[in-house]
Amino acid sequence: MAVRLGFVGTGGIANRHLTCAQAHPDMEIVGTCDVVRALAEAAAAQYGGVPYTDFRAMYDAQQPDAIVICTPPFAHGEIEEEAARRGIHFFVEKPVAISMELAGRVWDAVREHGVIAQVGYMFRLAEPIRQARAMLAKRAVAMVQAHYYMPGMPGKGWWAKQSLGGGQLVEQATHMLDLGRFLAGDVKSVVGRCKQVRDWTPPAGWEPSGGLVGYWPEMDIPDTTALILEYASGAMGTLSCSLVPQVAWDNGFKVVAENAMLTIEGPNVRWQNEDGAYNAQADPSWVNAVLVEFVQAVQGQGTASVPYDEGIKSLAVSLAGYESVRRGGAAVELAELLPAGI
Ligand SMILES: NC(=O)c1ccc[n+]([C@@H]2O[C@H](COP(=O)([O-])OP(=O)(O)OC[C@H]3O[C@@H](n4cnc5c(N)ncnc54)[C@H](O)[C@@H]3O)[C@@H](O)[C@H]2O)c1
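Just so you know, these numbers come straight off a predicted model, no measurement behind them.

**Notes on the overall build of the protein chain**
Within the protein chain, the secondary structure is distributed over 11 helices and 17 strands. With the C-alpha coordinates of the protein chain rotated into their principal frame, the extents come out at 55 × 55 × 40 Å. Of all 342 residues assigned to the protein chain, the portion counted as buried reaches 53%. A sequence separation of at least 24 residues applies to 71% of the contacts in the protein chain between residues at least 6 apart. When the accessible surface of the protein chain is summed, it comes to about 14200 Å², and 52% of that surface belongs to carbon and sulfur atoms.

**Considerations on the nonpolar core**
Counting 99 residues, the largest nonpolar core has Ile67, Phe90, Leu239 and Tyr308 as the members making the most contacts within it. Considering each element in turn, this core owes the most residues, eight residues, to helix α11 (residues 308-326). Residue contacts for Tyr308: discarding those within four places in its chain leaves Phe90, Val92, Val96, Ala103, Val106, Trp107, Ala117 and Val119. Formed by 11 residues, the second largest nonpolar core is a distinct cluster that contains Trp158, Ala160, Val213 and Met219.

**Quick word on the pairing of strand β7 (residues 141-149)**
Pairing between β7 and strand β13 (residues 250-257): eight bridges, direction antiparallel. Bridge pairing in β13 links His147 to Gly252. Where β7 lies against strand β12 (residues 236-242), seven bridges are found, and the strand directions are parallel. Paired with His147 across the two strands is Ser240, which belongs to β12.

**A look at the packing of aromatic side chains**
Aromatic ring pairs are reported here in terms of the distance separating the ring centres and the angle at which the planes meet. Per the stated rule, a full pass over the model turns up eight aromatic pairs. Centre to centre, the rings of Phe123 and Trp286 are 5.2 Å apart; their planes meet at 35 degrees, and the pair counts as tilted. With Phe123 in the loop between β6 (117-119) and α6 (127-137) and Trp286 in the loop between β16 (276-280) and α10 (289-298), the pair connects residues that are 163 residues apart, well separated along the chain. With respect to class, Phe123 is no different from Trp286; both count as buried. Joined through ring pairs, the aromatic side chains of Trp206, Tyr215 and Trp216 make up one cluster. For Arg198, the ring lying beneath its charged end belongs to Tyr215, and the centroid distance is 5.4 Å.

**Examining the sheet that holds strand β4 (residues 66-69)**
Spatially, six strands are ordered β3-β2-β1-β4-β5-β6 in an open sheet, and the strand pairing comes out parallel. Pairing within the sheet leaves two strands with one partner each, and these edge strands are β3 (50-52) and β6. Each strand axis lies, on average, 25 degrees off the axis of its neighbour in the sheet, ignoring direction. Set on the sheet, helix α3 (residues 55-62) makes contact with β1 (3-8), β2 (27-33), β3 and β4; between it and β1 the angle comes to about 165 degrees.

**As for the pattern of salt bridges**
By the definition in use, this model includes 20 salt bridges. Linking Arg111 and Asp108 is a salt bridge whose minimum nitrogen-to-oxygen distance equals 2.9 Å. Taken together, the positions of Arg111 and Asp108, both in helix α5 (residues 100-113) and three residues apart, correspond to about one turn of that helix. Taking the relative accessible area as the measure of exposure, Arg111 reaches 44% and is therefore partly exposed. Within this structure, Arg56, Asp60, Glu78, Glu82, Arg85 and Arg86 form a network of salt bridges that share partners.

**Description of the site of the ligand**
Of all residues adjacent to the ligand, which total 26 residues, the nearest are Ile13, Asp34, Lys94, Lys156 and Glu171. Ile13 places a polar main-chain atom, nitrogen or oxygen, 2.8 Å from an oxygen atom of the ligand. For the ligand, whose accessible area on its own is 850 Å², the fraction buried by protein is 84%. Across the shell around the ligand, the residue classes tally to 14 nonpolar, six polar and six charged. Counting only domains with at least three residues in the shell around the ligand, you end up with domain 1 (3-122 + 289-306) and domain 2 (123-281 + 313-336).

Parameters and conventions
Residues numbered from 1 in each chain as written. Predicted model: local features only at pLDDT ≥ 70, side-chain atom pairs only at ≥ 80, totals over all residues. Heavy atoms only, no water. Helix = DSSP H or I, 4+ residues; strand = E, 2+ residues; numbered from the N terminus. Buried < 20%, exposed > 50% of the residue type's maximum accessible area, 1.4 Å probe, protein only. Contact = heavy atoms within 4.5 Å. Areas by Shrake-Rupley, 256 points an atom, 1.4 Å probe, with all protein chains shown as cover. Core = buried A, V, L, I, M, F, W, Y, C linked by side-chain atoms within 4.5 Å. Pairing = 2+ DSSP bridges. Phe/Tyr/Trp six-rings, centres within 6.5 Å; stacked < 30°, edge-to-face > 60°. Lys NZ or Arg CZ within 6 Å of the ring centre and 35° of its normal. Axes fitted to C-alpha atoms, helices over the stretch in contact; angles between N-to-C directions. Salt bridge = Lys/Arg side-chain N within 4 Å of Asp/Glu carboxyl O. Near = heavy atom within 4 Å. Polar contact = N/O pair within 3.5 Å; in protein donor to acceptor, adjacent residues only side chain to side chain. Nonpolar A, V, L, I, M, F, W, Y, C, P; charged D, E, K, R; others polar. Domains from an automatic or database assignment.

This is the structure in structure tokens:
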């Protein structure tokens, strides 16, 4: 039986998941919900389902088996908790929240009601990255060097505000921090420095054109950040990220391990080790694998491999980075931030 899916937040990224669901025989789109009615209606018209502006009304009327949450970072909480209370499984886009307190509350609801909760860290499901993880598991990792550079800031008002989007570390570089954990295990402590290195004040007459922007009024997030990480294994790591406008998206890793040098560019991987060279490109469907795996888990086939508590652990790395900045560059232990039991 196809899984009956409701969508909450039908702005940008929801289109990826709606496109996947529309084409997939195991998924049926029963509802599309957005606080902006026109967006809920446009999604329903394009992909199917009934449009709503209130997620509770959608839960009441459609009784979905599962929901796909693509709201901005500040809008998490009740959507997940109410779903869990009703036994509705959920897939949630990263980051799971912008505060540890809220993420801990949702985690309690997930455990109390026993729902499946998968986080949209899609890089973990790319086959070349799985191969890389298996290769690294057999040897000591020394350095996990990650970066996330984007050629401007998404022109969505919430992105420019720390209290709404969480800042680049929480909102986006979280992909690399999560993947670092996937490749090299848990992070123990973080040291951070960040700055707004350029003036984002719009010139007179400037208007956002959609897509990435180079200006935003009263932007209060850093545009350039550097972290030093210490992994529980003893490995060291760094993360560099910036959204200062330049010419290319670029995210990935160098990983130095015993007798191995690994490079990750997006979902693609190459390495050299004592057995020779390896080079693999991800299949084009790789971005959908994290949602497909979730739906299969809801159907009772296999498990959701990116559970909610993994999302919490990755959020904690980002929050530790900003906490270190607040403490003037002192190292912040992850154990200080994580809820009990994680
Ligand atoms: N995995 C990825 O590659 C990827 C890519 C882009 C975005 N994302 C994540 O997806 C999330 C959404 O990003 P986006 O770019 O689609 O944002 P967006 O602003 O384009 O869309 C979010 C939508 O949620 C709606 N919304 C807000 N509060 C709501 C509520 N309470 N109920 C219903 N709808 C509500 C907004 O009206 C908006 O249309 C972010 O957390 C972002 O980090 C992930």
